[in-house]
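Summary of structural features
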Amino acid sequence: MCITGKRACPPEDCGGSWGYAELLEIITSPSHPEYEERMEWVGESFNPDTFDINEVNQRLQEFK
């Protein structure tokens, strides 16, 4: 069971920690040439600052 957390996890296949850092840089800059493409890939609802403890605990239950 998870009791605390911070921020969203990186999306699958984002390229590890360096790829995630690059993704965050791009999606916070609407004028970036890759902004539209990356937002389409990650989804408009993705918010890197969101942490949903209920979702995390629900996913952890799948490993029981």
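Before any of the text, the structure's been laid out above.
Here we summarise the structure given alongside this text. Since we're looking at a predicted model, the values are computed, not measured.

1. Some words on the overall build of the chain
Each helix and strand counted, the chain has three helices and zero strands in total. Listing each helix as α and each strand as β along the chain from the N terminus yields α-α-α. In summary, the chain has a C-alpha radius of gyration of 14 Å against a globular reference of 11 Å for 64 residues, an excess of more than 25%. Summarising its shape, the C-alpha atoms of the chain cover approximately 45 × 20 × 20 Å along the three principal directions. Put simply, the chain has 64 residues, and 27% of those count as buried. For the chain, contacts bridging at least 24 residues in sequence account for 59% of all contacts bridging at least 6. Of the roughly 5300 Å² of accessible surface on the chain, 51% is carried by carbon and sulfur atoms. Counting 5 positive and 13 negative side-chain charges, the chain places the centres of these two groups 11 Å from one another.

The rules behind each value
- Residues numbered from 1 in each chain as written.
- Predicted model: local features only at pLDDT ≥ 70, side-chain atom pairs only at ≥ 80, totals over all residues.
- Heavy atoms only, no water.
- Helix = DSSP H or I, 4+ residues; strand = E, 2+ residues; numbered from the N terminus.
- Rg over C-alpha atoms; globule rule 2.2 N^0.38 Å.
- Buried < 20%, exposed > 50% of the residue type's maximum accessible area, 1.4 Å probe, protein only.
- Contact = heavy atoms within 4.5 Å.
- Areas by Shrake-Rupley, 256 points an atom, 1.4 Å probe, with all protein chains shown as cover.
- Lys, Arg positive; Asp, Glu negative; His and termini not counted.
- Charge placed at Lys NZ, Arg CZ, Asp CG, Glu CD.

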